[in-house]
Amino acid sequence: LFQGKNAQAQSRYEAATELLYRALGVHPSEELQSLYNEIMKIQQSLEMDLSIIQKSLQETERRPGAFVCDFGFFREAYRLAARQASRTGMAIQLGLITVTMADGSMPALAVLNNSMDVLLKVLVNGLRRGDVVSRYSDAQYVLMLPGANYEDSQMIMNRITAAFRKHKYIPVKLNCKVRTMEIT
């Protein structure tokens, strides 16, 4: 970052946070999150052309499936969605998927990492483009399902579980919960 290599700094941050999840199962420290905020501040310069700003905000490639982000962004997206829901009355469901062994214990780290990788692929491919997915802990993904009612969300979780079970070599169980977003 201090060498002026902003894109590389952002890439290193993303790699570091992924490593923290995979190896230790922890979220980035406040110091690391503060560094990320600095990266974002430096990348912004004075721009008066709104079309250039809009172009920089667009996705670089059209990706199918759910939007995947880190938990800090997910928290802000959740807060924004709650504000919009309170104004529009739109239903938003929050989902949580936890990976455990059949007896409820935590899988070994190698099994867990493999399971979480497969689960992420299933989530991205099995959810809509407007759905949001984030890793919540070493063994959990949290989902935001805008526009879905509770019953549809239960069906979505069943579909995700069925797609995940097709990977028979993974000896884990998915524990899924759905709850309607509380609007304040």
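Residues numbered from 1 in each chain as written. Predicted model: local features only at pLDDT ≥ 70, side-chain atom pairs only at ≥ 80, totals over all residues. Heavy atoms only, no water.

Colleague: What is the right way to read the overall build of the protein chain from this model?
Modeller: Secondary structure summary: the protein chain contains six helices and five strands in total. Secondary structure elements of the protein chain, listed N to C terminal, follow the sequence α-α-α-β-α-β-α-β-β-α-β. Structurally, the protein chain occupies a C-alpha span of about 55 × 40 × 30 Å along its principal axes. Of all 184 residues assigned to the protein chain, the portion counted as buried reaches 33%. Counting only contacts in the protein chain whose residues sit at least 6 apart along the sequence, the fraction spanning at least 24 positions is 71%. Accessible surface, the protein chain: about 12,000 Å² in total, of which carbon and sulfur atoms supply 55%. (Helix = DSSP H or I, 4+ residues; strand = E, 2+ residues; numbered from the N terminus. Buried < 20%, exposed > 50% of the residue type's maximum accessible area, 1.4 Å probe, protein only. Contact = heavy atoms within 4.5 Å. Areas by Shrake-Rupley, 256 points an atom, 1.4 Å probe, with all protein chains shown as cover.)

Colleague: It is not clear to me how the packing of aromatic side chains should be interpreted in this structure. Could you clarify?
Modeller: Each pair of aromatic rings is reported with the distance of its centres and the angle of its planes. Within the structure shown, the criterion is met by three aromatic pairs. Geometrically, the ring pair formed by phenylalanine 67 and phenylalanine 73 is tilted, given 5.8 Å between the ring centres and 55° between the ring planes. For the pair phenylalanine 71 and tyrosine 136, a centre-to-centre distance of 5.0 Å together with 75° between the ring planes defines the contact as edge-to-face. Taken together, the residues span a long stretch of sequence, with phenylalanine 71 in helix H4 (residues 71–88) and tyrosine 136 in strand S3 (residues 132–137) at a distance of 65 residues. Relative accessible area serves as the criterion here: at 37%, tyrosine 136 is assigned to the partly exposed category. Following the ring pairs from residue to residue traces out a cluster consisting of Phe71, Phe74 and Tyr136. (Phe/Tyr/Trp six-rings, centres within 6.5 Å; stacked < 30°, edge-to-face > 60°.)

Colleague: When you look at the nonpolar core in this model, what are you seeing that I'm missing?
Modeller: Soluble globular proteins tend to bury their nonpolar side chains together. Ranked by size, the top nonpolar core spans 24 residues in total, and within it Ile97, Leu119, Leu123, Leu127, Leu143 and Ile160 carry the most contacts. Secondary structure elements with two or more residues in this core: strand S2 (92–100), helix H5 (109–126), strand S4 (140–146), helix H6 (150–165) and strand S5 (173–180). Take this core: its biggest share by element is six residues, from H5. Ignoring sequence-local partners within four residues, the contact set of leucine 123 consists of Ala66, Ile97, Val133, Tyr141, Leu143 and Ile160. In this structure, Cys69, Phe74, Ala77 and Met181 belong to the second largest nonpolar core, which totals 13 residues. (Core = buried A, V, L, I, M, F, W, Y, C linked by side-chain atoms within 4.5 Å.)

Colleague: Teacher, can you tell me more about the packing of H5 against H6 here?
Modeller: Helix packing for two helices is described by the angle between their axes and how far apart those axes are. Relative orientation of the contacting elements H5 and H6 amounts to 130°, with a least axis distance of 10 Å. With respect to H6, the element H5 is oriented oblique. By crossing handedness, the relation of H5 to H6 is classed as right-handed. Residues Ser115, Val118, Leu119, Val122, Leu123 and Gly126 of H5 pack against Arg159, Ile160, Ala163 and Phe164 of H6. Of the residues belonging to the contact of H5 with H6, the class tally is seven nonpolar, two polar and one charged. (Axes fitted to C-alpha atoms, helices over the stretch in contact; angles between N-to-C directions. Parallel < 35°, antiparallel > 145°, perpendicular 65-115°, else oblique. Left-handed = near helix turned anticlockwise from the far one by under 90°. Nonpolar A, V, L, I, M, F, W, Y, C, P; charged D, E, K, R; others polar.)

Colleague: Sorry if this is basic, but what is going on with H5 here?
Modeller: Owing to its 3.6 residues per turn, the α-helix aligns residues three or four sequence positions apart on the same side. Spanning 18 residues, H5 covers 25 Å between terminal C-alpha atoms, matching the ideal 26 Å at 1.5 Å per step. All of the buried residues in H5 are Leu112, Asn113, Ser115, Met116, Val118, Leu119, Val122, Leu123 and Val124. (Expected span 1.5 Å × (residues − 1).)

Colleague: Before we go on, may I ask you to explain the pattern of salt bridges in this structure?
Modeller: It is possible for side chains of opposite charge to pair when their charged atoms get near one another. Summed over all chains, the structure comprises two salt bridges. Here arginine 79 ties to glutamate 76 by a salt bridge, and the two come within 3.0 Å at their closest N and O atoms. Placement of both arginine 79 and glutamate 76 in helix H4 is noted, with a separation of three residues, approximately one turn of the helix. (Salt bridge = Lys/Arg side-chain N within 4 Å of Asp/Glu carboxyl O.)

Colleague: What exactly am I supposed to notice about the layout of surface pockets here?
Modeller: Remark: the empty space left among the atoms is shown by a probe the size of a water molecule rolled over them. By volume, the second largest pocket is sized at about 180 Å³. Counting only elements with at least two residues in the lining of the second largest pocket, the list comes to S2 and S5. (1 Å grid on protein atoms, 1.4 Å probe; cavity = no way out; pocket = protein on both sides within 12 Å on 5 of 7 lines; lining within 4 Å. Points joined across faces, edges and corners; volume = space filled by probe spheres on them.)

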